[in-house]
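A look at the structure
What follows is the residue order along each chain.
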Amino acid sequence: MKVSSPIGELPFEPTKCRYTKAGIEMEGVMGAWPARVLISRKDIPLLLKVALGGPALKSAATTVFGRRRTARDRSS
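**Description of the pairing of strand β4 (residues 33–40)**
Taken together, the eight bridges between strand β3 (residues 23–30) and β4 define a ladder with antiparallel strand orientation. For Glu27, the partnering residue across the bridge sits in β4 and is Arg36.

**A short note on the environment of Ile44**
With respect to the helices and strands, the residue Ile44 is situated in helix α1 (residues 44–52). Residue class for Ile44 comes out partly exposed when judged on its relative accessible area of 29%. When the C-alpha positions of Ile44 and Gly23 are compared, they lie 9.5 Å apart, and in sequence the two are 21 residues distant.

**Re the sheet that holds β3**
Strand order in the open sheet formed by four strands is β1-β2-β3-β4, and the pairing between neighbours is antiparallel. Where the open sheet ends on each side, the last strands, each with one partner, are β1 (2–5) and β4. Within the sheet, the average angular offset between the axes of one strand and its neighbour, ignoring direction, is 35 degrees.

The rules behind each value
- Residues numbered from 1 in each chain as written.
- Predicted model: local features only at pLDDT ≥ 70, side-chain atom pairs only at ≥ 80, totals over all residues.
- Heavy atoms only, no water.
- Pairing = 2+ DSSP bridges.
- Helix = DSSP H or I, 4+ residues; strand = E, 2+ residues; numbered from the N terminus.
- Buried < 20%, exposed > 50% of the residue type's maximum accessible area, 1.4 Å probe, protein only.
- Axes fitted to C-alpha atoms, helices over the stretch in contact; angles between N-to-C directions.

Shown next, in the form of structure tokens:
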């Protein structure tokens, strides 16, 4: 993986990846520095939107998180 920054492109080499209560956490090395990336649950809709685009987002979110119940569903 590469990370673009004001000082140039640096390779990011992951050394650990784990799922925690906070989200997906990756630890690794970026250039000469230790680095940590945290993808929280709140980040997932934005990542899906960027990766899949608008119309596909609703379909993917429904698949991943399940369909929300509407008032009509609850009255049945």
